[in-house]
Amino acid sequence: MGRLERWRRVARARPSVGDVLRAALSRVWRRVEPSASPAGPAPSLTRLDALIDEVAAGRPVRWRVGGQPRPLPAAVDVAAYRIIQEALTDARRHAPGAAVAVRLRYDPAGLTVELRGDGPAISTAGLRTRAESVGGAFHAGPRPEGGWLVHAELPAPEDEAEPA
């Protein structure tokens with residue numbers, strides 16, 4: 001087999017730069033895209049209790065809501081739901097049985113989502129992408145007293161609230 005034929009085989013076996021870029025963008029858009037899966041209801045904070053029951057099965061998860069809940073722009077509602085969903089899923093995967101606390105706080109500027117957990121740190125790259133996709137701010141990392149913290153501030157001014 002000649003050198004040219006070997007090169008062709010190697011080139012065919014390796015993905016092109018375009019293939020790699022397309023795959024990476026596809027993964028990002030699947031995480032950011034606010035559409036619901038066809039098999040279930042649309043993601044929304046109105047379903048937070050069901051989400052926690054589903055994802056937190058067998059682990060202690062406390063949650064509370066502060067401020068006056070109100071309708072949010074659809075993209076912010078979905079982003080907040082998905083941040084909570086992904087953080088709880090990662091916590092279950094990396095720290096089975098560890099306690100997690102979820103807190104939502106509505107204020108005139110928007111919504112703050114905070115999760116605190118025991119155990120090792122969780123993966124947060126997708127969470128950051130979700131928060132930033134709606135113009136929000138994101139912070140995550142270890143807590144000084146141990147465990148981990150996820151904190152997202154999502155813009156949703158009261159005067160721009162969507163009707164229920």
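Definitions and limits used
Residues numbered from 1 in each chain as written. Predicted model: local features only at pLDDT ≥ 70, side-chain atom pairs only at ≥ 80, totals over all residues. Heavy atoms only, no water. Helix = DSSP H or I, 4+ residues; strand = E, 2+ residues; numbered from the N terminus. Buried < 20%, exposed > 50% of the residue type's maximum accessible area, 1.4 Å probe, protein only. Contact = heavy atoms within 4.5 Å. Areas by Shrake-Rupley, 256 points an atom, 1.4 Å probe, with all protein chains shown as cover. pLDDT = per-residue confidence, 0-100. Axes fitted to C-alpha atoms, helices over the stretch in contact; angles between N-to-C directions. Parallel < 35°, antiparallel > 145°, perpendicular 65-115°, else oblique. Pairing = 2+ DSSP bridges. Right-handed = clockwise from strand over helix to strand, strands pointing away. Arc of directions from axis to C-beta. Expected span 1.5 Å × (residues − 1).

## Some thoughts on the overall build of the chain
- Of the regular secondary structure elements, the chain holds five helices and five strands.
- Listing each helix as α and each strand as β along the chain from the N terminus yields α-α-α-β-α-β-β-α-β-β.
- Across the 164 residues of the chain, 38% fall into the buried class.
- When contacts within the chain are restricted to residue pairs at least 6 apart in sequence, long-range pairs at least 24 apart make up 72% of them.
- Just so you have it, the chain exposes about 9800 Å², and 55% of that area is on carbon and sulfur atoms.

## Quick look at the confidence of the model for the chain
- In this model, the chain carries a mean pLDDT of 84, and residues with pLDDT of at least 70 account for 74%.
- When the criterion is pLDDT under 50, residues 32–37 qualifies, and its contacts beyond four places in sequence or with other chains add up to eight contacts.

## Considerations on the packing of helix 4 (residues 74–94) against helix 5 (residues 125–133)
- Close contact between helix 4 and helix 5 brings their axes to 9 Å; oriented N to C, the two are set at 170 degrees. The orientation of helix 4 relative to helix 5 falls into the category roughly antiparallel. Between helix 4 and helix 5, the residues in contact are Ala79, Arg82, Ile83, Glu86 and Ala87 and Gly126, Leu127, Arg130 and Ala131, respectively.

## Some thoughts on the pairing of strand 2 (residues 100–107)
- Here six bridges tie strand 1 (residues 61–66) to strand 2, and the two strands are oriented parallel to one another. Of the residues in strand 2, the one forming a bridge with Val61 is Val100.
- Once you follow strand 1 into helix 4 and on to strand 2, the crossover reads as left-handed.
- Where strand 2 lies against strand 3 (residues 110–117), eight bridges are found, and the strand directions are antiparallel. Bridging across to strand 3, Arg103 finds its partner in Glu114.
- Hairpin remark: strand 2 followed by strand 3, antiparallel, with two residues in the connecting loop.

## Some remarks on helix 5
- Looking only at helix 5, the buried set comprises Gly126, Leu127, Arg130 and Ala131. Angularly, the buried residues of helix 5 cover 135 degrees about the axis, an arc narrow enough to put them on a single face.
- Just beyond helix 5, the residue with positive phi is Gly135, at close to 85 degrees.

## Here we look at the environment of Arg62
- Of note, Arg62 is situated in strand 1.
- A sequence separation of 37 residues divides Arg62 from Ala99, and the C-alpha atoms of the two residues are 8.1 Å apart.
- Look past the residues within four positions of Arg62 in its chain and what remains in contact with it is Val100, Ala101 and Val102.

## Quick notes on helix 4
- Helix length check: helix 4 (21 residues) gives 30 Å between terminal C-alpha atoms against 30 Å at 1.5 Å per residue, within 8%.
- Buried residues dominate helix 4, accounting for 16 of its 21 residues.

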